[in-house]
Amino acid sequence: MNEQTLYTPAKVWKWEKENGGTFASTNRPIAGATFDKELPIGTHPLQLYSMGTPNGQKVTIMLEELLAIGVSGAEYDAWLIRIHEGDQFGSGFTDVNPNSKIPALMDHTTDTPTRIFESGSILLYLAEKFDALLPTDHGPRTECINWLFWLMGSAPYLGGGFGHFYNYAPFKMEYPIDRFAMEAKRQMDVLDRHLEDNRYLAGDDYSIADIATWPWYGSLVLNAVYEASEFLDTASYKNLNRWTNEIAAREAVKRGRIVNRTRGPLDEQLHERHDARDFETKTQDKIGA
Ligand SMILES: N[C@@H](CCC(=O)N[C@@H](CS)C(=O)NCC(=O)O)C(=O)O
């Protein structure tokens, strides 16, 4: 028993601004812009507005993979949106994503610029636009989309559920940590069993399903999110570990995972990316690092 068990919900929920927790200053129950600010536009066809969280890494890994196979149309500017400082509530950003969450992408090659939001939608858009990293045969293609949607439905339990209560909540609560640790472990078991007979999620070929999933479950295994590897005994998922390490060794993944990143070792942070040479120089401001 602890004090949470005494909580009785009010008849009508009211917003207490300072409810504690890491996101207390930016979370709010209403949508829309809170201030006017245009987004910058660089020189490349694709303009990405993001931050190097797992959802952001999906897109930068995808773009680096496309560039690695010679798709020059995938050149991009990656602008940093500092979500802890509320940049996602600027009018320019909400025009690109009315949901006020990174990542958000603008494609300036279409007759009128196209906005793309939701990381799964962005991956699918890029895969279809460039005819890459999405199998063409009916079976593997369907399997790839199955796993892409699986990830989009599952990761919020890992991030918003387990990660939030284990890492970000103002104090540790047994009930939600138990509930979401169980679900995180169940999800890892789903992946582990599937990867026993499959090299990649859609079968033999690396695809957007892996690109979507690795930043979440690969990072969990590598102890790069939530410092929960030991708690969740991630080492025991052998096939998931094999898949994680294989993907971690890809050059495009090593590049994509550091773009718009503001945490971790400084040599693993590239706050903004406007040119492939930025990875060598890593010239950046270190504010918020
Ligand atoms: N389903 C969305 C989730 C995006 C998301 O949750 N983004 C987080 C960072 S990982 C964010 O922007 N949070 C800011 C906020 O909630 O205000 C997607 O996959 O694009």
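Rules of the game
- Residues numbered from 1 in each chain as written.
- Predicted model: local features only at pLDDT ≥ 70, side-chain atom pairs only at ≥ 80, totals over all residues.
- Helix = DSSP H or I, 4+ residues; strand = E, 2+ residues; numbered from the N terminus.
- Rg over C-alpha atoms; globule rule 2.2 N^0.38 Å.
- Buried ≥ 20, exposed ≤ 12 C-beta atoms within 10 Å, placed from the backbone.
- Contact = placed C-beta atoms within 7 Å.
- Expected span 1.5 Å × (residues − 1).
- Pairing = 2+ DSSP bridges.
- Right-handed = clockwise from strand over helix to strand, strands pointing away.
- Domains from an automatic or database assignment.
- Arc of directions from axis to C-beta.
- Axes fitted to C-alpha atoms, helices over the stretch in contact; angles between N-to-C directions.
- Near = placed C-beta within 6 Å.
- Nonpolar A, V, L, I, M, F, W, Y, C, P; charged D, E, K, R; others polar.

### Quick word on the overall build of the protein
In terms of helices and strands, the protein carries nine helices and four strands. Across the protein, helices and strands are ordered from the amino to the carboxyl terminus as β-α-β-α-β-β-α-α-α-α-α-α-α. The C-alpha atoms of the protein give 19 Å as radius of gyration, which agrees with the globular expectation for 289 residues (19 Å, within 12%). Along the first, second and third principal axes, the C-alpha atoms of the protein reach 60 × 50 × 35 Å. Looking at the protein residue by residue over its 289 residues, the buried ones come to 34%. Sequence-distant contacts in the protein: of pairs separated by 6 or more residues, those separated by 24 or more amount to 66%.

### Here's the deal with helix 1 (residues 54-68)
With 15 residues, helix 1 ought to run about 21 Å at 1.5 Å a step, and its terminal C-alpha atoms sit 20 Å apart, in line with that. Burial analysis of helix 1 places 13 of its 15 residues in the buried class, the great majority of the element. The positive-phi residue at the C-terminal boundary of helix 1 is Gly70, with phi of around 90°.

### Here's the deal with the pairing of strand 1 (residues 46-50)
Looking along a regular strand, one sees the side chains alternate between the two faces of the sheet. Within strand 1, five of the five residues are buried, leaving the element largely enclosed by the surrounding structure. Residues Leu46, Leu48 and Ser50 line one face of strand 1 and the alternating positions Gln47 and Tyr49 line the opposite face, and both faces are buried. Sheet analysis places strand 1 next to strand 2 (residues 76-80), joined by five bridges and oriented parallel. Looking at the pairing, Leu46 lines up with Tyr76 of strand 2. Traced from strand 1 through helix 1 to strand 2, the parallel crossover comes out right-handed. Alignment of strand 1 against strand 3 (residues 104-107), held across four bridges, turns out to be antiparallel. Across the sheet, Tyr49 pairs through a bridge with Ala104, a residue of strand 3.

### Digging into the domain arrangement of the protein
When its domains are assigned, the protein resolves into domain 1 (34-133 + 258-289) and domain 2 (138-256). Measuring from the centre of the C-alpha atoms in domain 1 to the corresponding centre in domain 2 gives 22 Å. Facing the 19 residues of domain 1 at the interface are 16 residues of domain 2. Listing elements by their share of the side of domain 1 that touches domain 2, those giving two or more residues are helix 1 and helix 3 (119-130).

### Side note on unusual backbone geometry
Cis geometry is adopted by the peptide bond preceding Pro103, which originates at Ile102 and carries an omega value of 0°. Within the secondary structure, Pro103 sits in the loop between helix 2 (91-96) and strand 3. In this model, Asn260 sits at a positive phi of 65°, which is unusual for a non-glycine residue. Looking at where Asn260 falls in the secondary structure, it is placed in the loop between helix 8 (251-256) and helix 9 (278-281). The class for Asn260 is buried, based on 27 C-beta atoms found within 10 Å.

### What about helix 7 (residues 238-248)?
Turning to helix 7, its buried residues number three or more, namely Leu240, Trp243 and Thr244. Buried residues of helix 7, seen end-on, are gathered within an arc of 100° and therefore sit on one face of the element. The exposed residues of helix 7 that point more than 90 degrees off its buried face are Lys238 and Asn245. Buried residues belonging to helix 7 abut helix 5 (174-197) and helix 6 (208-221).

### Digging into the sheet that holds strand 3
Spatial strand order, 2-1-3-4: four strands in an open sheet with mixed pairing. Unpaired on one side and paired on the other, strand 2 and strand 4 (114-117) mark the two borders of the sheet. For this sheet the average axis-to-axis angle between neighbouring strands, irrespective of direction, equals 20°.

### Digging into the site of the ligand
Close to the ligand lie Thr26, Thr53, Asn55, Ile83, Gln88, Ser100, Lys101, Ile102, Pro103, Glu118 and Ser119. Grouping the constituent residues of the shell around the ligand by class yields three nonpolar, six polar and two charged.

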